[in-house]
Structure formats: C-alpha cells, structure tokens
Amino acid sequence: MKKCKLVSFFLIMLLPPLLIAGDMTVKDALHQTQYILYPQDGYPVDATVAKELQKNLAPQAQFALITPEEIQIEGTHVLKISIAEEGLTRYGRENTEKDWMFFQIDSGGSGELTCSKPHLLYALFCRLQEEWLDLPVSQFSRGRIDYPAFQWLTGRDLYYGWRYRFSKHYDPHATIREIARMGCSHVAVNALAQPFPLEVNEPGEIYYRFYVSGPDFDQFVETDLNKGTYPPEYLAANLDFMKTNADLAIKYGLTPGMVVANPRSVPQTLIERYPYLVGPRIDHPYRAYRPRYALTTAHPVVRWHYAEMLKKILHHIPQMGFMYTWLNDSGSGFEHTVRLYAGRNGGPYLIREWRSNEAFARAAAKNILRYYRALRDAAREINPHFRIIAGLRAIEEEEDIILNGMENGLDTQSSVADHNDPQKWQKQSALRERGSYLHSTVALRINAAILGIPFPWLAFSRLQDQLGATLDKVSIVFDPPSLAPYDINREVLKAFHLDPEGDIDQVVQQKARQWVGAENADTLLQAWKLADRAVAAFPGIPLYDGYGFIPNRLWVRPLVPDIGNIPTQKRQYYEKYVLSVFNNPHNIDLNADALWEFLTVKEADNIVQQCDEKMWGPLNKAITLCEKTVKATDSQSVAQSVLIDQHDRLVAARCYYRTLRNVAAWIAGVHGYLQADNEPEKNRRLQQVRDMIDNELQNTQILLELYTSSKITFMPVFQHGETWYLYGDNFPKLLKKKIDLMKAHKNDLPRIDPDYRWRMPADFPVEPEEYLKY
C-alpha cells in the first residue's frame, strides 16, 4: 500500500482527462483513478475505505486529504470519499429522512463514494468491490443512489461484546468487518477481558455464572462511592478491552454501545460499607444461596454514582451511543417491581409499607424513569445522541406507566407480535411522537450450539415481517464469519438491507453460483430450500431450543428413563456445569426447572410428531444432496470445500434437532408412563421411551463421528477447558460417557422422585424418612 501523500488539490485539477473509446467496466475505470481524496478531519471510516479501495481496486492511486470546502470541487481522475451530512441536494435530489448511499464514476476514474451516515460507507465500498466491478461504467456515470431498509441496525454475533468471545478460532476483526459490510450501524462492545466475572460464589450455588453477560458500569470504572470494591487491575483490563473493541468498531463507521444488566447487584462489602443504601434483593432464590442486593436508585447519591460511572466511560469512549438494558434478570433489578425473583422488595426511600399493588407499581415505574433520565442526561453531556433502550418484558405490571413517561432518548423493545396486538401497539406507537424509538430483534441463526445453518427464505421472511410491522430499528443476531464463512443468511440480510428492491431468489442464486460454480449451484440451492423447510417446520421447545440448550448440557447428558437411578458421582461430569443446584427437579426431570414445568404430555407428543413428519424428510434429502455432490466434485476445488461445509453443518443441525425431538419424546414417554392409568397405555409409553433411547444413541454416535472427523467449526468450542455456556475440547469424551450411561440404564423403568426438591444434601444429619412425612 502506498503511503499517504499530501498533494495539492489544485495540482490535481490540472491533470488532463483520459479519453477512452467505447464502453468499459467499473473495474477498468478505477484503474484510471490517480488520486483518492478523503476529508482530513473526517471520520475514521473515510481513511479505512480509502486505504482498502487503493489496496484492492486502485493500487496506482495516491491519497490526498481535503477540507470540507474542497469536497464539492470537481476534478479528473479523482475519486472522492466522504460522509455528506448536508444531504442529497448537492446531487440535484430532494433531501430525505431516509439514509442513503451514492456512488458515481466516469470512464476517467473520477467520481465519489458518499453516504448520509458513517456506518454505510464501508457497506457501499463492499458493494462496489463485490457486485459492481464488472458492470459497465456507463451505469454509474450519472450516479446511483440506494436507500437502506433499516434506519438502525445493531449487529450482534454474541461473541464480540458477549460471553462467547473466548471461543476457539473466533476473529473479532472479521466480525466487525462483516457487521460493517452488511450495513449495520451499531454494535455492543462491553465484553469482559476474561471469560469469567469477578463474582464471589457460595459453595454449591450457580448464580455467579450469570454475571459474565451484560457487565454493568462498575466492571469498567468506579466512583468515590465504590472505590476499591474491585481490583484496579481488573477494572483497567476490562476498560482497555472495551476501548479496543470500540476503536475497531469506530474504524469501520459503527456506533459502539453497551448491553448491560443494570442496575446490578453490588458486592456484599459495599453493602456493609453503606447499609443505608441497600436496594432490592435481585437474585433468584432457587439458584443463589446468598442474597444479592443492588443499591437503591431511589437515593440521589446512587443515581449520581451510576451517572458518574457512565460519564467516565464516555470520557474514554465519547462515541458510545447507546445502552440496551436488561431488567430484573441476570443479577439486576429495580426495587419494588413485582417480578423481582424474590418478589416486591427494595430500600427504605421509595414507598412506605402497606400500600396497594397499584401504588407500588406507580412508585417503582416513576423511579425507573427518573433513573433512566438521569443516565441519559449525564451521557448526553458528552454525546448528545446517546440513547437508552429498555427491555420491559420482565416488568409487565409497571410497563404501561413507564411507557407513558418515555421520551426522546428513552427507547423500548417491541416486536412483530406487539404490532399484531392492537391495544399494545397503540401504546407503543404513541412513543414515536415523543421521540422515543421502538427496537426489535431478529435471529438469523438457529442456536448458540450450532453455527451457519442455512435458512435464507425464512430469514428473508423474518426481515420482511419487521418492515411490515413498521419496525425499522432492529437488532440482528447472526453467526460470526470466522466460524461460519459460508452463511447465506448473512448474505440475505446484506441484500435485503442495502438493496431493498432486489429479488431474494436472484440473490441466493447468485451467491450459490459464486460459491460453488454454475455446475453445482442448483444442487446447493436445492439443499438450502430443503434446509429452509426443515428449520421452518420445527415447532420449538420452551427453554431448550434457545438459551437453555448448552447450559442444560442436552448433547452430553444421558436421556434415560430414570435419571435419578444413575449414581450421583457418575452424573457429575455434566451436572457440575448445568445451571441447576442440588435439589432442582431439573436434575432428574427434563420437564422441570425450579418451579417451572414446560410441556404437557400432549404438547410433547405433538412436537415429536411434527418433527418426524415434517423435518427429517427435507433435512435428510439436503444432507444426501450435498454428500453426493461432494463425491462428484474436484477435491481441490473451492466448490467442494463449500459443499463439505454445508454438509457438515446440516448434519450438525440434524443432531441438534434430533436431541430436542428426543427431549420431547422423553417428556411424553416418561410423564405419559407415570400418568397412565392402564397397562396398554403404560406399555405404549414404555416403548416410546425405549425407542427414544435408541434414537438418541444413534444420534449421539453420529455427532461423535462428525466432531472427530470434520474440519468444519460447526459448533463453538471454549478456549480454556469447559464452561457452563460452552463445551470444550473434552466434548468427545463427554459424548462417550453419555453413550455408556444410556446403554447401562436403557432398560430402567421410568421414574421421577416426587420429593426430589425437598431432599437435603447427602451429609444432612436427619434421614429423609424422618422429615418427608411432614
């Protein structure tokens, strides 16, 4: 790459035009570019794009820095790069509230890449590099304007600013480039610098584990109120890591932000220092053995403390543009809200005792609004565009009061389901008139447990649903490119967002040709269509097909008729990482967790039936198609690499879905057996359990063979052993233990200990027979 050379802009103006007969391509025209201009006091993304453009498309060109006044001057052989915040009027078009991208070039290599916002510039460059080089330059001589579909697009691979960051082979730089390439505008950057939080746990409890996600402000900075609570090395490492993440995002034009569980509990040492500032108990009593308390946000010194920490973060990262908050979950909560896990509770300042539920709800909601306004106003002293996005799902009783108080800079989460509920949508729609945004979330991946599963038409439909519900501020969850390089779902997002008038079938077809060539494109397209049908047909299982699949160790725990009959010591290999304490019924009953029950027997039967009737046919055909084509393809070709990649991921998807299907079969079979009131029904249910075991044994063996033979990263693997949210390198050993235990206990009769939750630990001095009779 040539070094930046400061050249007089007016000398550039004297360069003679290059006259070329006949039509030429955009690529040819870029070879005529002699100077790449970008603002000397512009955005970092200006330089990022200029340097990549020179390196990849115009190596003969030199750089020249220009002032804002010079950007409108025309020159020959000059390509200008800028963010045109003044709008479209300079191109003879009417201004619009929509975001836009403009590219123009002539046969002499003169033109410009210009956007309304910094986050679109790298996306525009990628379109030029990937889609337009071979097109006639005449198509762009008068300029092309595109209007992206979404006005706010947060890119979340759940690795970059999240707990999966420490997965093997993960490349954060590749993620940021991809987020920018897809035209995303925002990204969360507040991951911890280490894979575990500095949260003290009590022996046997599991609540400390939740603190690795959504770290709060006090994991990065401190004030005089909590000074010394955390080691300075810990805070410095986390802050430096977040700054590094933010710097990389800013380099590509993205707005960095935070996803936080806030206000979170504080260490007991701080509560002991200020007992009069104690707020609500926020922990889950079934998962924590020590109460955890947040500070009372009803007290002004606590609001000052959080506002001051937020300002400190913005002093280090002034471009920090948003915080998305969780309420009443993962160690956080607001006092006197009804859905705190321990029930309504809080500090002494908000409301006196013996008031009505309505009075408590009003006081709690007003306290939340006052707190959010304090944070917003503090942050806007540094960044006037800072916004708070509040997820209000966990405080439904107070939600209406909070919504009535939302205003500019205080946003909330919405969804297509909310749009389809007239009463709820009426309340949410009113927020827009007050400058409050509605944000939604779309998943373009299956689950954290498996990577890169294709469902392009379903992905397109989900994106369409957002715009159909007038939701143009969306958070997209996708698989990272370093772990899933051939992810057609990401390509669908890019096309849908940056070229809304494009045709989905054409986009998918073009990408298939690009990846495997014209001769194999139809096969890959057919495999994607079949996979799409299978994914769309999956009925869903509460908890397990989402957040709970890995933490509940479904791939490595034995599915046997009587889990409790397996000696405790032999269950330890997986139970020590399950989000469950010793007396949680989940340990022996897949239909239970704490006081929750997930499915009726009929519901579980329906899931099994739907999987068997609608999923395996298309999924097996897709796998077979890829397998046959792989054998007929040149072993050294890129096409074969892509087809192997897709084949192995589809096999992994089938293993994932079969395990979920078998969990439903376990619930239907075991609970159906225990509820049966006649022998024929008992025998039918017992056979259902036996068949489920055979199915899962075969499935686990396939998964073991895939893991040990595949060169594809079809599942994330932790860098440092094993943890509750990721499997480790010992995954094959765990699968073998599962197989051995399932074979050993295959013929046990179904049983669930009805007194399991009441049983004390094994070393308790009183025998169960003595206390269970009461």
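Residues numbered from 1 in each chain as written. Predicted model: local features only at pLDDT ≥ 70, side-chain atom pairs only at ≥ 80, totals over all residues. Heavy atoms only, no water.

## Let's talk about a nonpolar patch on the surface
Cut-off, in case you're wondering: Only residues whose relative accessible area exceeds 30% and that form no salt bridge enter a patch; like-charged residues are grouped when within 9 Å of one another, and nonpolar side chains (Val, Leu, Ile, Met, Phe, Trp, Tyr) when within 5 Å. Throughout, the Shrake-Rupley method with a 1.4 Å probe supplies accessible areas, and for residues the shown protein chains are the sole cover considered. Any carboxyl oxygen of Asp or Glu that lies within 4 Å of a side-chain nitrogen of Lys or Arg is treated as forming a salt bridge with it. The secondary structure listing takes helices from DSSP runs of H or I that are at least 4 residues long and strands from runs of E that are at least 2 residues long, numbered from the N terminus. Burial status follows relative accessibility: with a 1.4 Å probe on protein chains alone, a residue under 20% of its type maximum counts as buried, one over 50% as exposed, and anything between as partly exposed.
Together, M760, F764 and V766 give the surface a local cluster of nonpolar side chains, amounting to about 220 Å² of exposed area. By secondary structure assignment, the location of M760 is in the loop between helix 22 (731–744) and helix 23 (768–771). In this structure M760 comes out as partly exposed when scored by relative accessible area, which is 37%.

## Structural notes on the pattern of salt bridges
Across all of its chains, the model carries 42 salt bridges by this definition. Across the pair R290 and E202 runs a salt bridge, and its minimum N-O distance is 3.2 Å. In this pair, R290 is assigned in the loop between strand 10 (278–281) and strand 11 (293–295) and E202 in the loop between strand 8 (186–188) and helix 6 (232–251), connecting sequence segments 88 residues apart. Judged by relative accessible area, R290 falls into the buried class, the value being 17%. In this structure, the salt-bridge partner of E396 is R339, at a minimum N-O distance of 3.4 Å. Residue E396 is found in helix 10 (residues 396–405), and its partner R339 is found in the loop between strand 12 (322–326) and helix 9 (357–380); the two are separated by 57 residues along the sequence. In this structure R339 comes out as partly exposed when scored by relative accessible area, which is 36%.

## Describing the packing of helix 15 (residues 504–516) against helix 16 (residues 518–537)
Note the cut-off: Axis definition: a line fitted to C-alpha atoms, over the contacting stretch in the case of helices. Angles run 0 to 180 degrees between N-to-C directions. Comment on the angle field: the value is read as roughly parallel under 35 degrees, roughly antiparallel over 145, roughly perpendicular from 65 to 115, and oblique elsewhere. Each crossing gets its handedness from the near helix: less than a right angle anticlockwise from the far helix is left-handed, clockwise is right-handed. Residue contacts are defined here by distance: any two heavy atoms, one from each residue, within 4.5 Å place the two residues in contact. Each residue receives one of three labels: charged for Asp, Glu, Lys and Arg, nonpolar for Ala, Val, Leu, Ile, Met, Phe, Trp, Tyr, Cys and Pro, and polar for the others, Gly being one of them.
At their nearest, the axes of helix 15 and helix 16 sit 8 Å apart, and the two run at 125 degrees to each other. It follows from the interaxial angle that helix 15 and helix 16 lie oblique. For helix 15 against helix 16, the interelement crossing comes out right-handed. Within the contact between the two elements, helix 15 uses V508, Q509, A512, R513, W515 and V516 and helix 16 uses A518, E519, N520, A521, L524, L525 and W528. Split by residue class, the contact of helix 15 with helix 16 holds 9 nonpolar, 2 polar and 2 charged.

## Some words on helix 12 (residues 422–432)
What counts is decided by this rule: Picture the helix axis, draw a direction to every C-beta atom, and the arc is the one those directions span.
Residues W425, Q428 and L431 constitute the buried set of helix 12. Each buried residue of helix 12 sits inside an arc of 105 degrees when the element is viewed along its axis, so together they form one side. Seen from the buried face of helix 12, the exposed residues on the opposite side, beyond 90 degrees, are P422, Q423 and Q426.

## Quick notes on unusual backbone geometry
The peptide bond linking N262 to P263 adopts the cis configuration, its omega dihedral lying at -5 degrees. Structurally, P263 can be placed in the loop between strand 9 (255–261) and helix 7 (268–273). Positive phi, close to 60 degrees, is recorded for H77, a residue that is not glycine. Here H77 lies in the loop between strand 2 (62–66) and strand 3 (78–83).

## What about the confidence of the model for the chain?
Formally: Along the chain, pLDDT gives the predictor's confidence residue by residue, from 0 to 100.
With 95% of its residues at a pLDDT of 70 or more, the chain has an overall mean of 93. Note that residues 1–21 has pLDDT below 50 and, in this model, 48 contacts with residues that lie over four places away or in other chains.

## Looking at a positive patch on the surface
Quick note on the threshold: Counting rule applied: Lys, Arg positive; Asp, Glu negative; His and chain ends not counted. One atom stands in for each charge, and that atom is NZ of Lys, CZ of Arg, CG of Asp or CD of Glu.
Taken together, the side chains of R352, R355, R362 and K366 present a region of like positive charge at the surface. Here R362 lies in helix 9.

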